[in-house]
2 protein chains.
Amino acid sequence: MTTAYNDLLDFVRETEALSQVAGRLGWDQETMMPDGAIDQRAEEQGAMAGVLHARRIDPRIGGWLEQAVAEDDVAAAQLRQIGRSFDRAARVPAQLATAIARETSRAHRTWAQARAEEDVAAFLPALARVLALKREEAQAIAGDADPYDAMLDDYEPDATAAQVSAMFGAMRPRLVALRDAVRARPAAPVLKGDFPEAAQMALSRELALAFGYDLGRGRIDKAVHPFSSGSGLDVRITTRTNPVDPFNCFYSTIHEVGHACYEQNIDRAYLLTPLGGGVSMGVHESQSRIYENQLGRSRAFTGWLFGRMRDTFGDIGIASEEDFFACVNGVTDGYIRTEADEVQYNLHVLLRFDLERALVSGDLTVDDLEAAWNDRFAADFGFAVDRPSHGVLQDVHWSEGLFGYFPTYALGNVYAGCLHAALRNAVPDLDADLARGDTGRATAWLRDNVQRHGGLYQPREVIARATGAAPSEGPLLDYLDAKFGAIYGV
Amino acid sequence: MTTAYNDLLDFVRETEALSQVAGRLGWDQETMMPDGAIDQRAEEQGAMAGVLHARRIDPRIGGWLEQAVAEDDVAAAQLRQIGRSFDRAARVPAQLATAIARETSRAHRTWAQARAEEDVAAFLPALARVLALKREEAQAIAGDADPYDAMLDDYEPDATAAQVSAMFGAMRPRLVALRDAVRARPAAPVLKGDFPEAAQMALSRELALAFGYDLGRGRIDKAVHPFSSGSGLDVRITTRTNPVDPFNCFYSTIHEVGHACYEQNIDRAYLLTPLGGGVSMGVHESQSRIYENQLGRSRAFTGWLFGRMRDTFGDIGIASEEDFFACVNGVTDGYIRTEADEVQYNLHVLLRFDLERALVSGDLTVDDLEAAWNDRFAADFGFAVDRPSHGVLQDVHWSEGLFGYFPTYALGNVYAGCLHAALRNAVPDLDADLARGDTGRATAWLRDNVQRHGGLYQPREVIARATGAAPSEGPLLDYLDAKFGAIYGV
């Protein structure tokens with residue numbers, strides 16, 4: 001490789017290392033930090049953001065990019081990723097980047113308190129400040145174009161709001177039809193029993209290992225909103241427990257393990273480079289969702305889990321594997337996106353996508369946000385939001401400035417649908433493994449066809465290479481119709 | 001204040017915030033980090049050290065220092081501290097600073113493994129690399145002068161090896177005489193009982209609160225080698241448990257609480273500035289030692305602790321407060337510095353001080369270090385080291401490059417002796433409080449006379465202002481003679 005290329009990669013590798021440090025500071029804030037440290041933490045996060053921003057717009061990068069020669073495909077991909085980040089970052093003033101880091105750190109804590117106290121008004125001034133700063137950032141990047149596209153591009157490169165809207169538009173009628181049909185049927189059986197927190201965490205750990213999470217390069221802690229963080233050799237997940245709903249713990253864990261395994265299984269040669277992380281939030285979510293849903297909530301795997309739960313908790317009020325499968329996949333009225341079933345989950349995402357597009361365009365003000373949320377929720381889900389923590393205050397994302405992030409959840413489901421169809425073709429007898437709690441061949445296929453590539457290919461290209469076809473919503477919708485049609489007899 | 005002064009302080013405040021982040025990375029490595037992350041962590045620490053070093057030698061600092069006008073004593077102290085750090089840092093090449101951070105991170109892990117496996121040889125190459133880098137750093141700072149003075153100056157500003165040697169020389173005969181007299185007497189009573197780890201941690205937490213530690217701005221975790229880290233609003237401590245020796249846990253906790261309270265009680269106006277941390281390791285250690293020993297191991301406080309231990313653990317094999325006091329202060333043969341009694345502790349420090357001076361000067365090679373340690377230990381303590389983890393591998397410091405740090409432990413004891421004498425004069429009836437487990441007036445006196453000043457005064461000046469006299473070893477030695485004379489009847 002050329003000297004310019006090597007100098008550039010050395011510089012970028014150090015920046016990636018610093019980015020990992022900043023990310024771990026976020027992990028610490030959610031899991032370990034004492035409450036009284038928040039003001040100091042905001043200064044620390046602001047200082048780290050300033051350092052990272054200065055490095056990302058360092059004028060030497062432009063010089064190196066001009067001179068660097070890519071001698072293979074990997075080098076070409078590195079240069080493409082570096083160039084893309086450099087172009088974006090160079091358009092955002094350092095003071096704005098620092099202000100965003102500081103305000104989101106504060107707004108996040110304000111959100112947590114407002115949510116605990118069911119006090120929307122307490123959160124709105126912080127949200128307004130974050131929104132204004134993020135809009136300023138998007139305008140700096142996009143110029144006169146739709147600022148929402150600039151936001152989306154940060155999480156799902158090359159995606160556009162128009163493209164996403166079209167896909168969501170095609171999904172919605174079939175999802176609503178399936179939801180209406182299922183809701184007309186008798187309710188699924190429900191768990192009854194005693195589910196001590198320590199036992200939930202122990203089985204949660206067993207599930208993490210069963211799905212291939214490497215605890216030698218990770219750890220599991222508790223957080224209000226489960227998340228995965230870090231890359232390479234230090235990828236940590238969090239989960240949560242609910243005394244009457246152990247599935248909340250187990251499927252949060254499996255979901256985050258999907259994210260974590262993506263990061264852990266990327267080619268070691270890409271460590272601390274722009275190719276060393278997941279290529280987009282959508283592809284990331286495809287891994288968490290296929291682990292959680294297509295594998296973790298399958299008839300075969302739940303058959304194994306049924307036995308492990310009875311070993312762990314004794315009588316759980318469910319008589320058979322079939323009933324347990326229906327229980328795990330029960331479609332019920334609920335307020336919370338992260339607890340939603342596969343049928344209704346994407347409707348939660350569509351709601352947020354439309355509201356945040358309206359916030360960003362200015363068609364909706366933060367003062368009207370709660371009413372807009374509640375109206376839309378009642379229209380889409382058929383019943384009313386009963387409290388802010390079940391509605392507009394339920395998600396952490398907007399407090400952290402993550403506008404443009406929500407749609408990637410539904411894109412992830414679409415990609416997971418595509419990958420699942422291809423996986424079943426590649427491993428036709430997979431259910432025999434899953435029925436033993438063995439995900440080895442499934443996760444190996446995902447590792448080899450998706451995860452190991454990291455940022456080597458563009459998001460849609462990753463899916464196309466793994467599946468042999470451009471991503472589309474069809475396989476996901478077909479899978480949902482078949483699965484829930486069978487469970488509910490519709 | 002002038003613009004130059006304000007610009008300088010803004011810049012320095014951001015640097016301090018980054019320094020807090022780097023420090024918390026060290027905390028994470030000892031308490032939370034998965035083992036497999038160590039190589040990546042070394043890159044992260046190296047990158048943070050590089051950023052910090054670049055900021056500490058930023059040429060703008062020189063310009064600001066020239067133009068800045070101090071309009072009060074606090075500003076003058078800020079400028080003095082900034083100038084001192086700038087002069088030191090500017091002499092150390094960035095690559096050397098990065099190499100030190102990377103090698104010490106690796107050497108630290110090598111040390112932990114070597115200690116676990118009792119394998120000195122496995123540690124020596126790493127130690128040799130760290131020593132060579134630290135000597136290179138000291139020579140860059142000190143030029144032709146004694147490199148050890150440059151190392152010492154990093155932890156105890158304005159102290160010199162010659163000054164420290166003279167003080168240690170005056171202490172040694174009296175300490176040896178007291179130790180010989182005490183060892184000729186019957187052994188102190190020992191604990192017998194059942195000391196579950198969870199109960200140790202619970203009482204440890206109670207002790208932390210009793211000594212004024214603010215858990216709203218801190219937390220307690222476990223680590224192999226207890227430490228305190230952080231400043232201002234996020235000051236964390238670690239402790240450890242030993243199933244047969246709960247005092248190890250309790251007095252480690254009280255010790256670290258002394259450090260932590262110093263950081264927590266500094267004037268809030270100095271937050272994230274050079275005055276916002278403890279002024280020196282010696283003064284820091286004076287706080288941890290006076291909390292641990294002069295207060296925590298006093299006859300009055302141990303009378304209260306005796307009751308709390310019997311409440312917690314039931315029968316502990318001790319019949320009276322007097323016997324418990326003797327038990328807490330038992331002088332026994334032992335290998336481990338951190339577990340040593342007040343009589344012998346400083347002899348451990350003198351051993352390390354002399355060995356590390358010889359390593360730095362080149363009079364001793366790392367290959368001969370173990371033999372030199374064992375010879376010196378046998379001569380000073382009267383029995384032989386039985387394994388490396390009881391000898392040359394017992395302390396973390398050298399693996400982290402902390403040459404010049406050990407003597408500050410004994411300086412801390414000397415300062416604690418001075419402060420304790422002054423405190424007793426100021427609060428003559430203090431024992432009545434301590435006998436109720438109430439340290440409030442003692443810790444308030446230390447807060448007001450020492451802790452709140454942070455880096456405002458030079459180390460020896462802090463002690464002189466609090467006590468009305470220049471620090472000397474006399475009060476400590478008088479206190480030890482009186483206390484252990486009474487316990488052992490010598």
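All values reported here derive from a predicted model rather than from experimental measurement.

Criteria and cut-off values
- Residues numbered from 1 in each chain as written.
- Chains lettered and ligands numbered in written order.
- Predicted model: local features only at pLDDT ≥ 70, side-chain atom pairs only at ≥ 80, totals over all residues.
- Heavy atoms only, no water.
- Helix = DSSP H or I, 4+ residues; strand = E, 2+ residues; numbered from the N terminus.
- Buried < 20%, exposed > 50% of the residue type's maximum accessible area, 1.4 Å probe, protein only.
- Contact = heavy atoms within 4.5 Å.
- Areas by Shrake-Rupley, 256 points an atom, 1.4 Å probe, with all protein chains shown as cover.
- Lys, Arg positive; Asp, Glu negative; His and termini not counted.
- Charge placed at Lys NZ, Arg CZ, Asp CG, Glu CD.
- Pairing = 2+ DSSP bridges.
- Polar contact = N/O pair within 3.5 Å; in protein donor to acceptor, adjacent residues only side chain to side chain.
- Phe/Tyr/Trp six-rings, centres within 6.5 Å; stacked < 30°, edge-to-face > 60°.
- Lys NZ or Arg CZ within 6 Å of the ring centre and 35° of its normal.
- Least-squares fit on C-alpha atoms with pLDDT ≥ 70 in both.
- Buried area = accessible area lost by both parts, 1.4 Å probe.
- Salt bridge = Lys/Arg side-chain N within 4 Å of Asp/Glu carboxyl O.
- Axes fitted to C-alpha atoms, helices over the stretch in contact; angles between N-to-C directions.
- Parallel < 35°, antiparallel > 145°, perpendicular 65-115°, else oblique.
- Left-handed = near helix turned anticlockwise from the far one by under 90°.
- Nonpolar A, V, L, I, M, F, W, Y, C, P; charged D, E, K, R; others polar.
- Expected span 1.5 Å × (residues − 1).

Engineer: Explanation requested: the overall build of chain A in the structure shown.
Structural biologist: Looking only at helices and strands, chain A has 20 helices and three strands in total. Counting only C-alpha atoms and orienting by the principal axes, one finds that chain A spans roughly 65 × 50 × 45 Å. Residues counted as buried form 60% of the 490 residues belonging to chain A. Taking all contacts inside chain A whose residues are at least 6 apart in sequence as the whole, residues at least 24 apart take part in 75%. Only carbon and sulfur atoms are counted for the fraction: they give 49% of the accessible area of chain A, which is about 17900 Å². Within chain A, one finds 48 positive and 71 negative side-chain charges whose respective centroids are separated by 3 Å.

Engineer: In this structure, what is going on with the pairing of strand β3 (residues 236–239) of chain A? I would like to understand it.
Structural biologist: Strand residues, when the strand is regular, have side chains that alternate between the two faces of the sheet. Residues and elements named next belong to chain A. Every second residue of β3 is oriented toward a common face, with R236 and T238 on one face and I237 and T239 on the other, all of them buried. Of the strand pairs in this sheet, strand β1 (residues 220–222) and β3 are connected by three bridges, and their pairing is parallel. Bridge pairing in β3 places I220 opposite I237. Pairing of strand β2 (residues 228–229) with β3, which is carried by two bridges, proceeds in the antiparallel orientation. Its bridge partner being in β3, S228 is matched across the sheet by I237. Hairpin geometry of β2 and β3 is characterised by an intervening segment of six residues between the two adjacent antiparallel strands and by a positive phi of about 95° at G230.

Engineer: Can you walk me through the side chain of H284 of chain B in this structure?
Structural biologist: Residue and element names in this part refer to chain B. Tracing the sequence through the fold places H284 in helix α11 (residues 281–295). Look at H284 and you get buried, because its relative accessible area is 8%. Among the polar contacts made by the side chain of H284, one reaches the side chain of H259 at a distance of 3.0 Å. Leaving out residues up to four positions away in the same chain, H284 has contacts with H259, Y262, E263 and G278.

Engineer: What is the right way to look at the packing of aromatic side chains in this model?
Structural biologist: Each aromatic ring pair is described using two quantities: the centre-to-centre distance and the angle formed by the ring planes. Tallying each qualifying case throughout the model produces 44 aromatic pairs over all chains. Seen from their ring centres, W398 of chain A and F403 of chain A are 6.3 Å apart, and the 15° between their planes marks the pair as stacked. Judged on exposure class, the residue W398 of chain A and its partner F403 of chain A are both buried. A connected cluster of aromatic rings, assembled from ring pairs, spans Y155, Y345, W373, W398, F403, Y405, F406 and Y409 of chain A. One Lys or Arg, R55 of chain A, reaches over the ring of F11 of chain A and ends 4.2 Å from the middle of that ring. A cation sits over an aromatic face here: R357 of chain B above Y148 of chain B, 5.9 Å from the ring centre.

Engineer: Sorry, what's going on with the relation of the copies chain A and chain B here?
Structural biologist: Here the second copy of the chain follows from the first by a rotation about an axis and a shift along it. Mapping chain A onto chain B is achieved by rotating through 180° and translating by 0.0 Å along the same axis, at an RMSD of 0.0 Å. Classification of the inter-copy transformation places it as that of a two-fold axis. Most of the interface of chain A is mirrored in chain B, where 100% of its interface residues again form contacts.

Engineer: Where do I start with the interface of chain A and chain B in this structure?
Structural biologist: Where the parts come together, the accessible area they lose is often given as the size of the interface. At the interface, 36 residues of chain A touch 36 residues of chain B. Counting the surface lost from both chain A and chain B, the interface buries some 2700 Å², and carbon and sulfur atoms represent 63% of this. Sorting the residues of chain A by area buried against chain B places M32, P34 and Q40 of chain A first, and these three jointly supply 21% of that buried surface. Where chain A packs against chain B, one counts six salt bridges. The interface formed by chain A and chain B holds 14 residue pairs in polar contact (both at pLDDT 80 or more) in total. Elements that contribute at least two residues to the side of chain A that touches chain B include exactly α1 (3–31) and α2 (38–56) of chain A.

Engineer: Would you explain the packing of helix α2 (residues 38–56) of chain B against helix α5 (residues 94–116) of chain B in this entry?
Structural biologist: For any two helices packed against each other, the geometry is given by the interaxial angle and the distance between the axes. All names here are of chain B. Interaxial distance between α2 and α5 falls to 8 Å at its minimum, and their mutual angle equals 150°. By the angle between their directions, the pair α2 and α5 is classed as roughly antiparallel. When the axes of α2 and α5 are compared, the crossing they make is right-handed. On α5, the residues touching I38, R41, A42, E43, Q45, G46, A49, G50 and H53 of α2 are A94, A97, T98, A101, R102, S105, R106 and R109. Grouping the constituent residues of the contact of α2 with α5 by class yields six nonpolar, six polar and five charged.

Engineer: I'm lost on helix α4 (residues 73–90) of chain B in this one. Help?
Structural biologist: All names here are of chain B. Between its first and last C-alpha atoms α4 spans 25 Å; for 18 residues at 1.5 Å apiece the expected length is 26 Å, and the two agree. Among the residues of α4, those classed as buried are A75, A77, Q78, L79, Q81, I82, G83, F86, R88 and A89. Where α4 is buried, its residues touch α1 (3–31), α2, α3 (59–67), α6 (120–142) and α7 (147–155). The N-cap residue of α4 is D72: its side-chain oxygen and the backbone nitrogen of V74 are 3.2 Å apart.

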